[in-house]
Amino acid sequence: MSVHAHPDDESSKGAATLAKYAAEGVEVLVVTCTGGERGDVLNPAMDRPGVRENLAAIRRGEMAEARRILGVRQQFLGFVDSGLPGPGETLPEGCFALAPLEEAAGWLVGLMRSFRPHVVVTYDETGGYPHPDHIRTHEVTVAAFDAAGEADRHPEAGAPWRPLKLYYQGGLSRPWFQALHDAMTARGMDSGMREVLAELPEAGLEITTRVPCAEYFATRDRALLAHATQIDPNAGFMLHDRDIERQVWPTEEYHLARSHVEVGVDVGIDAATFENDLFAGVRCPQGPTAAAGAAASRGCG
């Protein structure tokens, strides 16, 4: 289960990983907390009459196409986009960022108990960037991860199910930008990343897990472009050389925040200790994942 704030977030954060696991036969569910109703139109080609007025419906259609491309299931949690308020502006009434935490977490607990994920992925406490919906997505997902396995919490949401591992997205980090910038510059190419690197902090999320998924970068890109109101094919992330990316950075990165199974990763020592599978410690030797989150064998995998 990969939990995101808005349509398009699933395609810009960890999408190649989702496509990889879906192609391998893993059941993958993307949960989208809001409909992106207050988003901007970021692709100039889509900034035309009728788009802004119908943005909510258009973004749902874009999400459906991206989901199809990735080969995953998707469900909206049902909250309303908070928008990105400017300095001194307040959040709009009824938006996701103002939803009571326990109430919002209860809805996600219901999805966790019905879908029964072994692995849950979301953002860290910063949200990846300081959008109120991203920060709220982190808070709601962590609360639901903790509550889903407790019988006395949200009893109306179904029988308890304890997810086994919680990860935070670690992509689009400073090391990623630096590696691509250096590789493209060394080949005499303009990376277009100097301004981004100048703004990014040196410190970042500690990475514990690198999932090899370069063969799914093209699928990721097609899913991104399906969000036509949000992705300009002639700007930003779409401009770097994909062959170079596959050579110098063929993985997507994560931080293992919590685990109820033993794993072979010793965080922060050296690259040899990184996991290469979100299901490390969950998959049994014969292949399938543990039969039940609440009773999974320790050391299985």
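Preceding this section is the structure that the text describes.
Residues numbered from 1 in each chain as written. Predicted model: local features only at pLDDT ≥ 70, side-chain atom pairs only at ≥ 80, totals over all residues. Heavy atoms only, no water.

Draft legend 1. Seen up close, the overall build of the chain. Of regular secondary structure, the chain possesses nine helices and seven strands. Against the 2.2 N^0.38 benchmark of 19 Å for 301 residues, the chain shows a C-alpha radius of gyration of 19 Å, consistent with a compact globule. Dimensions of the chain along its principal axes, counting C-alpha atoms only, are 50 × 50 × 35 Å. Within the structure as shown, the chain displays about 13,800 Å² of accessible surface, and the carbon and sulfur contribution to it stands at 52%. (Helix = DSSP H or I, 4+ residues; strand = E, 2+ residues; numbered from the N terminus. Rg over C-alpha atoms; globule rule 2.2 N^0.38 Å. Areas by Shrake-Rupley, 256 points an atom, 1.4 Å probe, with all protein chains shown as cover.)

Draft legend 2. Structural detail: the pattern of salt bridges. Under the defined criterion, the tally for this structure stands at 18 salt bridges. We note a salt bridge from E27 to R73, for which the minimum N-O separation is 3.5 Å. Within this pair, whereas E27 is found in the loop between α2 (15-23) and β2 (29-34), its partner R73 is found in strand β3 (residues 73-79), the two being separated by 46 residues in sequence. Given a relative accessible area of 59%, E27 falls into the exposed group. Residue R73 is classed as partly exposed on the basis of its relative accessible area of 45%. (Salt bridge = Lys/Arg side-chain N within 4 Å of Asp/Glu carboxyl O. Buried < 20%, exposed > 50% of the residue type's maximum accessible area, 1.4 Å probe, protein only.)

Draft legend 3. Main features of the packing of helix α4 (residues 101-115) against helix α5 (residues 132-147). At a minimum axis distance of 8 Å, the contact between α4 and α5 shows a crossing angle of 60 degrees. As summarised for this structure, α4 and α5 are arranged oblique, according to the angle between their axes. In this structure, α4 meets α5 at a crossing whose hand is right-handed. In this structure, α4 uses L101, A104, A105, L108, V109, M112 and R113 to contact α5, whose residues at the interface are R136, E139, V140, T141, A143, A144, F145 and A147. (Axes fitted to C-alpha atoms, helices over the stretch in contact; angles between N-to-C directions. Parallel < 35°, antiparallel > 145°, perpendicular 65-115°, else oblique. Left-handed = near helix turned anticlockwise from the far one by under 90°. Contact = heavy atoms within 4.5 Å.)

Draft legend 4. Spotlight on the state of the cysteines. Summed over the entire model, instances satisfying the criterion amount to zero disulfides. With no disulfide of its own, C33 has C95 as its nearest cysteine by sulfur position, at a separation of 13 Å. (Disulfide = S-S within 2.5 Å.)

Draft legend 5. Representation of the environment of H134 in the model. With respect to the element layout, H134 can be found in helix α5. The class for H134 is buried, based on a relative accessible area of 0%. Separated by 100 residues in sequence, H134 and N234 place their C-alpha atoms 26 Å apart. The contact partners of H134, leaving out residues within four places of it in the chain, are A5, H6, D9, K13, Y123, G127 and Y129.

Draft legend 6. Broad picture of the packing of aromatic side chains. For the structure shown, the criterion picks out five aromatic pairs. On the basis of an interplanar angle of 45 degrees and a centroid distance of 5.2 Å, the ring pair of F79 and F96 is categorised as tilted. Separated by 17 residues along the polypeptide, F79 in strand β3 and F96 in the loop between β3 and α4 bring together distant segments of the chain. Overall, the relative accessible area of 12% leaves F79 in the buried class. Its relative accessible area of 0% is what places F96 among the buried residues. On the basis of an interplanar angle of 85 degrees and a centroid distance of 4.9 Å, the ring pair of W176 and F177 is categorised as edge-to-face. (Phe/Tyr/Trp six-rings, centres within 6.5 Å; stacked < 30°, edge-to-face > 60°.)

Draft legend 7. A look at the packing of helix α3 (residues 55-70) against helix α8 (residues 217-226). Where α3 contacts α8, the two axes come as close as 8 Å, and the packing angle between them is 170 degrees. Looking at the two axes, α3 sits roughly antiparallel to α8. Contacts between α3 and α8 involve E62, E65, A66, I69 and L70 from the first element and T219, R222, A223 and A226 from the second. Counted by class, the contact of α3 with α8 contains five nonpolar, one polar and three charged residues. (Nonpolar A, V, L, I, M, F, W, Y, C, P; charged D, E, K, R; others polar.)

Draft legend 8. Expanded view of the pairing of β2. Burial of β2 is extensive: six of the six residues sit out of reach of the surface. Here strand β1 (residues 2-4) runs beside β2; their pairing, made up of three bridges, is parallel. Paired with V3 across the bridge in β2 is V31. Note that β2 and β3 share five bridges and pair parallel. Paired with T32 across the two strands is F76, which belongs to β3. Between the parallel pair β2 and β3, the chain is carried across by α3, and the sense of this crossover is right-handed. (Pairing = 2+ DSSP bridges. Right-handed = clockwise from strand over helix to strand, strands pointing away.)

None of this, on its own, says anything about what the molecule does.
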